[in-house]
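Per-entry structural report
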Amino acid sequence: MHALSDPVRLLVVRRLAAARDELACSYFELPVTKSTSTHHFRVLRESGVIRQCYRGMAKLNRLRTDDLDALFPGLLGSVLAAADAEAGRLAQ
């Protein structure tokens, strides 16, 4: 839960969930410095929320949806639904 408690990390997870495919770190335009962005990706990776792999020079990120659903059924869906609802409220 700690990994998903930060707004920047939650934004990364929401974008990965929407993409349903691997995305390069450079795809994400985050409101933090590059070093802070690296920290957020490391927290997500080390907590088991994302999987990272290299393809050529790109570091690709994938949400570990199946693994998370097996360990914590319904948790990721609930967190994403709550985050989407909050984003909708803030956009109004």
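My aim in this report is to walk through the structure given alongside it, one point at a time. (Residues numbered from 1 in each chain as written. Predicted model: local features only at pLDDT ≥ 70, side-chain atom pairs only at ≥ 80, totals over all residues. Heavy atoms only, no water.)

Moving on: the pairing of strand S3 (residues 58-63). Where strand S1 (residues 23-24) and S3 come together, 2 bridges link them in antiparallel fashion. Bridge assignment links Leu 23 to a residue of S3, and that residue is Asn 61. Alignment of strand S2 (residues 50-55) against S3, held across 6 bridges, turns out to be antiparallel. The residue of S3 that forms the bridge with Cys 53 is Leu 60. Between S2 and the antiparallel strand that follows it, S3, lie 2 residues; Gly 56 among them carries a positive phi value of about 65°. (Pairing = 2+ DSSP bridges. Helix = DSSP H or I, 4+ residues; strand = E, 2+ residues; numbered from the N terminus.)

Before going further, it helps to examine the packing of helix H1 (residues 7-19) against helix H4 (residues 75-91). Contact geometry of H1 with H4 gives a least axis separation of 11 Å together with a crossing angle of 105°. Put simply, H1 runs roughly perpendicular to H4. Between H1, through Leu 10, Val 13, Arg 14 and Ala 17, and H4, the contact on the second element is made entirely by Leu 76, Val 79, Leu 80, Ala 83, Asp 84 and Ala 87. Looking at the contact of H1 with H4 residue by residue, the classes come out as 8 nonpolar, no polar and 2 charged. (Axes fitted to C-alpha atoms, helices over the stretch in contact; angles between N-to-C directions. Parallel < 35°, antiparallel > 145°, perpendicular 65-115°, else oblique. Contact = heavy atoms within 4.5 Å. Nonpolar A, V, L, I, M, F, W, Y, C, P; charged D, E, K, R; others polar.)

The next point concerns the nonpolar core. In this structure, Val 13, Val 49 and Leu 63 are the most contacted members of the largest nonpolar core, which totals 22 residues. Among the secondary structure elements, those contributing two or more residues to this core are H1, helix H2 (34-46) and H4. Beyond its immediate chain neighbours, meaning those up to four positions away, Leu 63 contacts Val 13, Leu 16, Ala 17, Val 49, Ile 50 and Leu 76. (Core = buried A, V, L, I, M, F, W, Y, C linked by side-chain atoms within 4.5 Å. Buried < 20%, exposed > 50% of the residue type's maximum accessible area, 1.4 Å probe, protein only.)

A separate point is the side chain of Glu 22. Here Glu 22 lies in the loop between H1 and S1. Those residues within four positions of Glu 22 in sequence are excluded, and the remaining contacts are Cys 53, Arg 55, Leu 60, Asn 61 and Arg 62.

Once that is clear, we can look at the pattern of salt bridges. Counted by the stated rule, this structure contains 7 salt bridges. Here Arg 62 makes a salt bridge to Glu 22, at a shortest N to O gap of 3.8 Å. You can see Arg 62 sitting in strand S3 and its partner Glu 22 sitting in the loop between H1 and S1, a full 40 residues away along the chain. Note on Arg 62: relative accessible area 34%, which makes it partly exposed. Glu 86 is the salt-bridge partner of Arg 89, the closest N and O atoms lying 2.8 Å from each other. A residue pair is termed a helical-turn pair when its members lie 3 or 4 positions apart in one helix, as Arg 89 and Glu 86 do in helix H4 at 3 residues. Salt bridges here are not isolated pairs; linked through shared partners, they connect Asp 21, Glu 22, Arg 55 and Arg 62. (Salt bridge = Lys/Arg side-chain N within 4 Å of Asp/Glu carboxyl O.)

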